[in-house]
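Coordinate inspection notes
As a plain string of letters, each chain reads:
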Amino acid sequence: MKKLYILYLILFTTLGKAQNFWTPTSLTLTAYSEYNKPLLSVADDNTIWVTNVETNGNTTWHLSTDGGINWNSGIFALDHPNDLVYAICALSGTTAYVTAGAFDSVPAIVGTGVYKTTDSGATWVKQTGIFNTPAISFAHEVHFWDENKGVAIGDPENGFFEIYTTENAGTNWTRVSSANIDTAPLLYEYPTRITANGDRIWFLTSQQRLFRSDDNGLHWQGFDTPLMDFAPVETFEFIAFKNQNEGLLISYDWRYFETTDGGETWTELSDYATSHFCARNGNAWHIPETDDSYFFTSLKHDEEQLGTSYSDNGGLSFQNMNLMDENPIMVTEAYCKNSDLAYSI
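The present account deals with the structure reproduced in this document. (Residues numbered from 1 in each chain as written. Predicted model: local features only at pLDDT ≥ 70, side-chain atom pairs only at ≥ 80, totals over all residues. Heavy atoms only, no water.)

**Here's the deal with the overall build of the chain**
Looking only at helices and strands, the chain has one helix and 28 strands in total. Expressed as a percentage of the 345 residues in the chain, the buried residues total 57%. Summed over its atoms, the accessible surface of the chain is roughly 14,300 Å², and 48% of this surface lies on carbon and sulfur atoms. (Helix = DSSP H or I, 4+ residues; strand = E, 2+ residues; numbered from the N terminus. Buried < 20%, exposed > 50% of the residue type's maximum accessible area, 1.4 Å probe, protein only. Areas by Shrake-Rupley, 256 points an atom, 1.4 Å probe, with all protein chains shown as cover.)

**Here we look at the pairing of strand 4 (residues 48–53)**
Most of strand 4 sits out of view: six of its six residues are buried. In strand 4, alternate side chains face the same way, and those of Ile48, Val50 and Asn52 on one face and Trp49, Thr51 and Val53 on the other are all buried. In this structure, strand 3 (residues 39–42) lies alongside strand 4, joined through four bridges in antiparallel fashion. Among the inter-strand pairings, Leu40 is bridged to a residue of strand 4, identified as Val50. Pairing analysis gives six bridges linking strand 4 to strand 5 (residues 59–64), with the strands arranged antiparallel. Within strand 5, the residue paired with Asn52 across the bridge is Thr60. The turn linking strand 4 back onto strand 5 is made up of five residues, and Gly57 within it adopts a positive phi angle of 95°. (Pairing = 2+ DSSP bridges.)

**Comments concerning the nonpolar core**
Ranked by internal contacts, the top residues of the largest apolar core, which has 14 residues, are Trp49, Phe76, Leu78, Val85, Val98 and Trp124. Put simply, the parts of the chain that give this core at least two residues each are strand 5, strand 7 (84–90) and strand 8 (96–103). Excluding anything up to four places from it in sequence, Phe76 contacts Thr51, Thr59, Thr60, Trp61, Val85, Val98 and Trp124. Grouped together as the second largest cluster of nonpolar side chains are twelve residues, Cys89, Val114, Ala139 and Tyr164 included. (Core = buried A, V, L, I, M, F, W, Y, C linked by side-chain atoms within 4.5 Å. Contact = heavy atoms within 4.5 Å.)

**Here's the deal with the side chain of Thr290**
By secondary structure assignment, the location of Thr290 is in the loop between strand 23 (283–286) and strand 24 (294–298). Classification of Thr290 by relative accessible area gives buried; the value is 16%. A polar side-chain atom of Thr290 sits 3.5 Å from the main-chain amide nitrogen of Ser293. (Polar contact = N/O pair within 3.5 Å; in protein donor to acceptor, adjacent residues only side chain to side chain.)

**Here we look at the pattern of salt bridges**
Per the counting criterion, the structure on display carries nine salt bridges. Taking the shortest distance from any N to any O, the salt bridge between Arg212 and Asp214 comes out at 2.9 Å. Take Arg212: its relative accessible area is 2%, and that puts it in the buried class. One network of salt bridges, with partners in common, ties together Arg200, Arg212, Asp214 and Glu264. (Salt bridge = Lys/Arg side-chain N within 4 Å of Asp/Glu carboxyl O.)

**Describing the packing of aromatic side chains**
Tallied over the entire structure, the rule returns 15 aromatic pairs. Summarising the aromatic geometry, the rings of Phe161 and Phe211 are spaced 5.1 Å apart at their centres and angled 70° between planes, so their arrangement reads as edge-to-face. Placement of the pair is Phe161 in strand 13 (residues 160–166) and Phe211 in strand 17 (residues 209–213), with a sequence separation of 50 residues. Given a relative accessible area of 0%, Phe161 falls into the buried group. For Phe211, a relative accessible area of 0% corresponds to the buried category. Ring geometry for Phe203 versus Phe211: centroids 5.0 Å apart, planes at 5°, classification stacked. Comparing Phe203 with Phe211 shows no difference in burial state: the two are buried. The side chain of Arg175 reaches across the aromatic face of Phe160, ending 3.9 Å from its centre. (Phe/Tyr/Trp six-rings, centres within 6.5 Å; stacked < 30°, edge-to-face > 60°. Lys NZ or Arg CZ within 6 Å of the ring centre and 35° of its normal.)

Set out below in structure tokens:
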């Protein structure tokens, strides 16, 4: 079973003595796999959305509008009975977007697309006119900056990444032309991670490249990363930015790098042999309202790699929270409001 937790902790002034960092909420989820994780999106201090694939195969949504005390839940009714949800972007207690899709027995990709609810999850309406090429289109990520302006990112189609933008809450979507994406996709390349800061948004790919837009998804630049030199395909690295220029890139084998130019170039900081932090096949987040603090999760199932870590100096050193927590938990997704409060599943 899996629960949603609240972290009440001033992360970066805490003592190293054992303590309980996490407070469980009333939401309990059934089992999940390392590659089919629950998803979390927080619209504000009180509004929390969670998705999960239950043991019976149903993909479910869960919504709290009082900070995790009470929950409403339901089953996604999408175009295909085997649709899985790959990303969620919550805007309010009534409105959220997800990307979803399924593989049938051919296998051809079916049902893929972006879905929107405006009635707190009761119904999910597929956005029309996007990700429509059978057996090729596949929607991975969706992000909104406000109630109107958003972007949806998918696999390459017709020789370039299938990316759409909207300025009117999804009423109309416009595909970004190949002329506005300066780098062509490589063979078997698809998006794996996104992060945004201000008008800038980035996504990593399965070929360890980084794409960046400076104007809410309208134009894109592609950059090589140092991971291309040694990492195998599909190792699922992750990134986190504290502002539009400075951020961290973490590899599957614990190598980590920093950038000061928005991801165009990277400098290696250290490796796992000297840092001993939990960050493998997980994720990373910059802690808002701090200068250099980051929060990391790992899903690798052994004592040293599994759990959570944080850094308060931009990745130069790390604290393994599992070693300080009386009841450590396995975090799959998190939302950090500041150094005092975080949600996790």
